[in-house]
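# Overview (structure and organization)
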Amino acid sequence: MGIKGLQGFVATVCPDVCRMVDLREIAEKHRIDHPGFPPVIVVDAMSCVRYWYTPESWVCGGQWREYLAILEDFIKAFMAAGIKLVFYFDGVVEEKKRDEWIKRRFQNNKEIARIFQFIKTHRKQPGRGMFVVPSALPTFTRFALKSLGQKTVCTLQEADFEVAAYGLEHNCIGILGQDSDYLIYNTCAYFSIEKLRLDRLVTLMYSREHLCRALGLSLTHLPLFACLLGNDVVPERLLEGFWHKCLVTSPHKNNSYSRRANVILAVANYISKVPCSYSSLKHLKEMLPLGSDMTLLYKGVQSYLLPGQQSPWIPPNVTNCQTFSLQEQTAMCQDKEILQVAKEQHIRSENYTIFNILSSGETECSNSLEDECDTEIPGQALIYRPARQHIYSVLLESGKGGAYPLVKEWFVYFGNPLQQPELIQPVQPSVPGGTPNLKTLWFAKGPDVEKQRYSTFLACFHLQDGMEELQALEAPVAAFCCLLAYLMMQVSSLSLEDLNAFVAVILCLKGKSAAQLASLQLAQVDSRAVHLGAVFVRGLTTLLLANSACGFPFRMDDLMPWEMFDGKLFQEKYQQSHRGCSLEGLLEGNESLYAPFHNLKSFICKACTAKKRTIQSRPRGDGFITGTQQREFNPRFQQTHRSSFVPPYHNQMRGFLWRNPQPQGKKY
C-alpha cells in the first residue's frame with residue numbers, strides 16, 4: 001500500500017527523480033539490446049483500475065460495456081508498439097495488512113455515505129472529486145482482461161511483491177502502477193499509470209538511483225528507509241518519537257516544506273550515517289518502541305527483498321520468508337489434488353475466491369455502493385450469505401464425517417464493526433440425490449455429471465426445481481434469472497416494479513453497443529436504484545463463487561456484468577417502471593421482447609411463490625428518497641401495496657432467449 005507521502009515528496013522536493021519517457025522508444029531499445037525477447041511491462045492492475053474506469057457514469061452500478069471497450073483500447077495501444085502486458089491482481093489480504101484494510105473500509109464507508117447524501121439532495125451523480133470505483137470493479141477487470149486474451153495473474157500474497165519479483169526475473173522494461181513501494185524494491189523501472197498518456201504512450205518514470213542521490217542514500221538503504229517512514233509492516237504510530245529525534249538533528253529542515261517532507265529528509269539523513277550492518281539494525285531497534293515484537297524491522301526490510309536478493313541489514317542465516325507453504329500445511333482442505341487444482345486456477349485467474357476458502361478458510365469483501373440509511377434493503381453481504389453458506393458446504397463437504405468447519409468472513413456492511421471475522425457455518429444445499437463430492441464435481445466427465453454440476457449450482461440459490469426451464473435459456477439469461485429470482489426471494493421489500501426494471505435491462509441490453517450506452521442521458525439519478533445496482537453486481541460475484549465451486553456448469557464469460565447489466569440503462573428502466581410506464585415504453589417499442597419479458601417474469605414469480613414469497617406492486621413514482629431519516633420503514637410506501645403479481649406459469653421461455661431457435665410463443 002506504499003509509503004505515505006513519498007511520491008508527493010518526490011514531485012515537490014526532488015522532481016529530478018522522475019522524468020517523462022516514451023515507452024515506444026524504451027521498447028525499441030530493449031528489442032535492439034535483447035533480440036528475440038519482446039519488451040514486457042508488468043502491470044499492477046489493482047492500482048490501475050481507478051484510472052482505467054473513465055466512463056462518465058460511475059454511481060449507477062457500472063458502465064460495463066463501455067469499460068470493456070476502454071480496456072480493449074488500452075491493450076491495443078501497447079500491442080501497436082509491440083509491448084506485451086502482464087497483469088497482476090491481489091489474490092489475498094495478508095494478515096499483516098488486515099488492520100490497514102479495515103481502516104480503509106471505514107474510510108470508504110464515510111465516502112459512500114457522502115455520495116448518497118449528495119444524490120438524495122441533488123438527484124444527480126457527484127463530480128469526479130467524490131469518485132469511487134463501481135462495486136466489484138477489480139474482480140470483473142481481471143476476468144475482462146483474461147477474456148481479451150491477456151496474461152492475468154492472481155497472486156498468492158500481496159501483489160506488489162509478486163509484481164516486483166516478476167519484473168526482475170523476466171527482465172521487464174518496467175512496472176506500470178501507482179504505488180510508492182516500487183521506488184523501494186530493487187527491480188525494473190517504475191512507470192506511472194496516473195501520468196500515462198495513452199495516445200502517445202508517454203508517462204513519468206521514477207528513478208531509484210536519482211532518489212538515492214537526492215537523499216544521500218544507496219539502494220541497499222531503501223528498504224530500511226521505507227520501514228522507518230512507516231509502511232504495512234512497521235506502523236507509523238511507533239515511529240513518532242524516532243522522527244522527532246531525527247528532526248532535531250537534521251540539517252535539512254525547511255520551513256517551506258510540509259512536516260512529512262521534513263521527516264523524509266531527516267530520516268534519510270539519519271540512515272545515511274548508519275553503517276550498513278546487522279549490528280546497526282540491532283542498535284536501531286533499541287531506539288524504537290517496538291514493544292514485544294522486536295523483529296518488526298527485520299520483517300519490514302525482508303518484505304522488500306526479492307528472490308535471490310540479500311541485505312546487509314539481515315543476518316545471512318535468515319532467509320526470505322515470503323512463501324506460501326505454511327498456509328498450505330494448515331489448509332482447511334486436506335485433499336492435495338483439490339488444493340493444487342484450486343491454486344493453479346487461482347493463479348491463472350480462472351476461479352473466484354475458492355482457493356482462499358480451501359486454504360485458509362478465510363474470505364473478504366470490500367465496500368459496495370450501498371445506502372446505509374435505507375434499511376429496507378439489507379447489506380449485500382447479508383443478502384447473499386445463505387447462498388455462500390451452501391457454497392461453503394459444497395467446497396468443504398460439510399456434514400460428511402461429522403465435520404463442520406467454519407469459514408471466517410470479513411465482509412463490509414452497515415453495523416459490522418470488523419473487529420474480528422464473522423464465523424460462518426456452512427449449510428448443505430438441497431441437491432436432488434444429495435450433494436456430490438468435490439472430486440466428482442471437478443474431475444468426473446459425462447452428461448450425468450454435467451447435470452449434477454448444474455443442479456448443485458442452482459441448489460445454492462434455492463432454484464433446484466427450475467433446472468429444466470433454466471437450461472432452455474441462453475446461459476447469461478439463465479444466470480441472470482437465477483440471480484434475480486434469488487434476490488427477489490431474499491429481499492421482501494423488492495417490488496413488481498423493481499422486477500420489471502431488471503428484466504427490461506437484460507432484454508433491452510442485447511444488441512446495444514458501448515457507444516449507444518455511453519450516449520444514454522439520465523435526467524436524474526435515483527439513490528435506491530444506485531443501491532440496487534450495486535447489490536445486483538455483487539450478486540454476480542456470488543454466481544462466480546458458486547460456479548467455481550461446482551465445477552463450472554457455466555462459462556465464466558457468461559456470468560459477466562457486460563452480458564446482463566448496465567448501470568445507466570437500469571436507472572432508466574427503474575424510473576420508467578416506478579412511474580407506471582407502459583410495457584411498450586419499457587421495452588422501447590420492441591414487440592418481439594413482450595413474450596420473453598412475461599416469460600422471464602413468470603419463471604421468477606413461480607420460484608418466489610414456491611418459497612411463499614409474493615411479489616407486490618409498490619410504485620414509488622418520483623418519490624426519491626431524501627435526507628438520512630430512513631432508519632424506520634417509510635409508511636408512505638406501505639400505502640402503495642395495491643396488488644400482487646403471481647401469474648400462472650406456462651413455461652413459454654421462447655424466442656431470442658433460447659439456446660437454439662424455437663417457435664415464437666404466444667404473447668400474454
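Our subject is the structure listed above.
Description of the structure in this document. Within every chain, residues take consecutive numbers counted from 1 along the sequence as written. Whole-chain, interface and lining totals are the exception, using all residues; otherwise, since this is a predicted model, local features are given only for residues with pLDDT of at least 70 and side-chain atom pairs are given and counted only at 80 or more. The side-chain numbers reported here are obtained from all heavy atoms of the structure, hydrogens and water having been left aside.

Attention now goes to the overall build of the protein chain. Helix and strand definitions follow DSSP, with helices as H or I runs of at least four residues and strands as E runs of at least two, each counted in order from the N terminus. Looking only at helices and strands, one finds 29 helices and 10 strands in the protein chain. In the protein chain, 74% of the contacts between residues at least 6 apart in sequence involve partners at least 24 apart. In this description, accessible areas are obtained by the Shrake-Rupley approach with a 1.4 Å probe, and a residue is regarded as covered only by the protein chains that are shown. Element-wise, carbon and sulfur atoms account for 51% of the exposed surface of the protein chain, whose accessible area totals about 27400 Å². Note on definitions: a residue-residue contact is assigned when non-hydrogen atoms from the two residues lie within 4.5 Å.

Summarising the element assignment, Arg388 is placed in helix 18 (residues 385-396). Remark: the alpha-carbon pair of Arg388 and Gln425, spanning 37 residues in sequence, is separated by 9.7 Å. The residues touching Arg388, leaving out its near neighbours within four places in the chain, are Gln380, Ala381, Glu409, Phe411, Thr542 and Leu545.

Turning our eyes to something else, we now look at the side chain of Asp44. Within the secondary structure, Asp44 is located in strand 2 (residues 40-44). In this scheme, a residue with accessible area under 20% of its type's maximum is buried, one over 50% is exposed, and one in between is partly exposed, where area comes from a 1.4 Å probe on protein chains only. By the counting rule applied here, Lys and Arg register as positive and Asp and Glu as negative, while His and the ends of each chain are not counted. Only one rule defines a salt bridge in this text: a Lys or Arg side-chain nitrogen within 4 Å of an Asp or Glu carboxyl oxygen. Of the side chains bearing the opposite charge, Lys97 lies closest to the buried Asp44, which forms no salt bridge; the N-O distance is 9.5 Å. A distance of 2.8 Å separates a polar atom in the side chain of Asp44 from a polar atom in the side chain of Tyr182. The contacts of Asp44, once residues within four sequence positions are left out, are Tyr88, Val163, Leu176, Gly177, Asp179 and Tyr182. For this analysis, a polar contact is any N or O atom pair within 3.5 Å, provided that within protein one partner can donate a hydrogen and the other can accept it, and provided that sequence-adjacent residues contribute only side-chain to side-chain pairs.

Among the nonpolar cores identified, the biggest contains 145 residues, and Ile41, Trp52, Phe78, Leu358, Leu395, Phe461 and Ile604 are the most heavily contacted of them. Looking at this core, the element that brings in the most residues is helix 22 (residues 475-490), giving 14 residues. Ignoring anything within four residues of it in the chain, the contact list for Trp52 reads Val43, Ala45, Tyr67, Ile70, Leu71, Phe74, Phe87, Thr141, Leu145 and Ile193. Residues belong to one nonpolar core when they are buried, are Ala, Val, Leu, Ile, Met, Phe, Trp, Tyr or Cys, and are joined through side-chain atoms within 4.5 Å. One finds Val42, Ala164, Tyr166 and Leu265 within the second-largest nonpolar core, a separate group that totals 69 residues.

Turning our attention to the sheet that holds strand 9 (residues 407-411). Read from one edge to the other, the open sheet built from three strands follows the order 8-9-10, with strand pairing classed as mixed. The open sheet terminates on both sides in strands that have one partner only, identified here as strand 8 (362-365) and strand 10 (422-424). Averaged over neighbouring strand pairs, the angle between their axes works out to 30° when direction is ignored. Relative to strand 9, strand 8 runs parallel, the two sharing four bridges. Bridge pairing in strand 9 links Glu364 to Trp410. What makes two strands pair is DSSP finding at least two bridges between them. Between N-to-C directions, angles cover 0 to 180 degrees, with each direction set by a line fitted to C-alpha atoms, over the stretch in contact for helices.

The next subject is the sheet that holds strand 1 (residues 18-22). Strand order across the open sheet formed by seven strands is 1-7-6-5-2-3-4, with mixed pairing between neighbours. In this open sheet, the two strands that pair with only one neighbour each are strand 1 and strand 4 (151-154). Each strand axis lies, on average, 30° off the axis of its neighbour in the sheet, ignoring direction. As paired strands, strand 2 and strand 5 (residues 174-177) are joined by three bridges and run parallel to one another. Looking at the pairing, Ile41 lines up with Gly174 of strand 5. Sheet contacts for helix 4 (residues 64-80): strand 2, strand 3 (84-89) and strand 5; angle to strand 3, the most-contacted strand, approximately 140°.

This paragraph deals with the pairing of strand 7 (residues 202-206). With five of five residues buried, strand 7 lies mostly within the body of the structure. As paired elements, strand 1 and strand 7 share five bridges and run antiparallel to each other. Along strand 7, the bridge assignment pairs Met20 with Leu204.

Let us look at the pattern of salt bridges. Scanning the entire structure with this criterion turns up 26 salt bridges. With a shortest N-O distance of 3.1 Å, Glu337 and Lys439 are connected by a salt bridge. With Glu337 in helix 15 (residues 336-347) and Lys439 in helix 19 (residues 438-443), this residue pair connects regions lying 102 residues apart in the sequence. A relative accessible area of 41% means that Glu337 is categorised as partly exposed.

Turning our eyes to something else, we now look at the side chain of Lys120. Along the polypeptide, Lys120 turns up in helix 5 (residues 98-122). The buried category is assigned to Lys120, whose relative accessible area is 4%. In this structure the side chain of Lys120 is engaged in a polar contact, spanning 2.8 Å, whose partner is the side chain of Asp371.

Although it is not a glycine, Leu201 sits at a positive phi angle of roughly 55°. Residue classification places Leu201 among the buried positions, given a relative accessible area of 0%. We note that Glu588 has phi near 60°; this positive angle belongs to a residue other than glycine.

Regarding helix 12 (residues 278-285), the residues found buried are Ser280, Leu281, Leu284 and Lys285. Down the axis of helix 12, the buried set is contained in an arc of 140°. They therefore lie on one face. Starting at the helix axis, one direction is taken to each C-beta atom, and the arc is that of these directions.

This next bit is on the environment of Val17. Mapped onto the elements of the fold, Val17 is located in the loop between helix 1 (6-13) and strand 1. Considered as a pair, Val17 and Glu209 are 192 residues apart in the sequence and their alpha carbons are 8.0 Å apart. Beyond its immediate chain neighbours, meaning those up to four positions away, Val17 contacts Val10, Leu183, Met205, Tyr206, Ser207, His210 and Leu211.

Any Phe, Tyr or Trp ring, taking Trp's six-membered ring, that has another such ring centre within 6.5 Å forms a pair; planes under 30 degrees apart are called stacked, those over 60 apart edge-to-face, and the others tilted. A full pass over the atoms with the stated rule returns 28 aromatic pairs. Taken together, a centroid distance of 5.5 Å and an interplanar angle of 75° make the contact between Trp64 and Phe140 edge-to-face. Taken as a pair, Trp64 in helix 4 and Phe140 in helix 6 (residues 137-147) lie far apart in primary sequence, 76 residues in all. Overall, the relative accessible area of 0% leaves Trp64 in the buried class. Classification of Phe140 by relative accessible area gives buried; the value is 0%.

Right, let's talk about helix 8 (residues 208-215) for a bit. For helix 8, the set of buried residues is Arg208, Leu211, Cys212 and Leu215. Along the axis of helix 8, the buried positions cluster into a sector of 100°, meaning they face one direction only. The secondary structure elements touched by the buried residues of helix 8 are helix 1, strand 6 (190-192), strand 7, helix 9 (222-229) and helix 11 (259-272). The residue sitting at the N-terminus of helix 8 and contributing the capping side-chain oxygen is Ser207; that oxygen lies 3.4 Å from the backbone nitrogen of Glu209. Just downstream of helix 8, Gly216 is the residue with a positive phi angle, here 75°.

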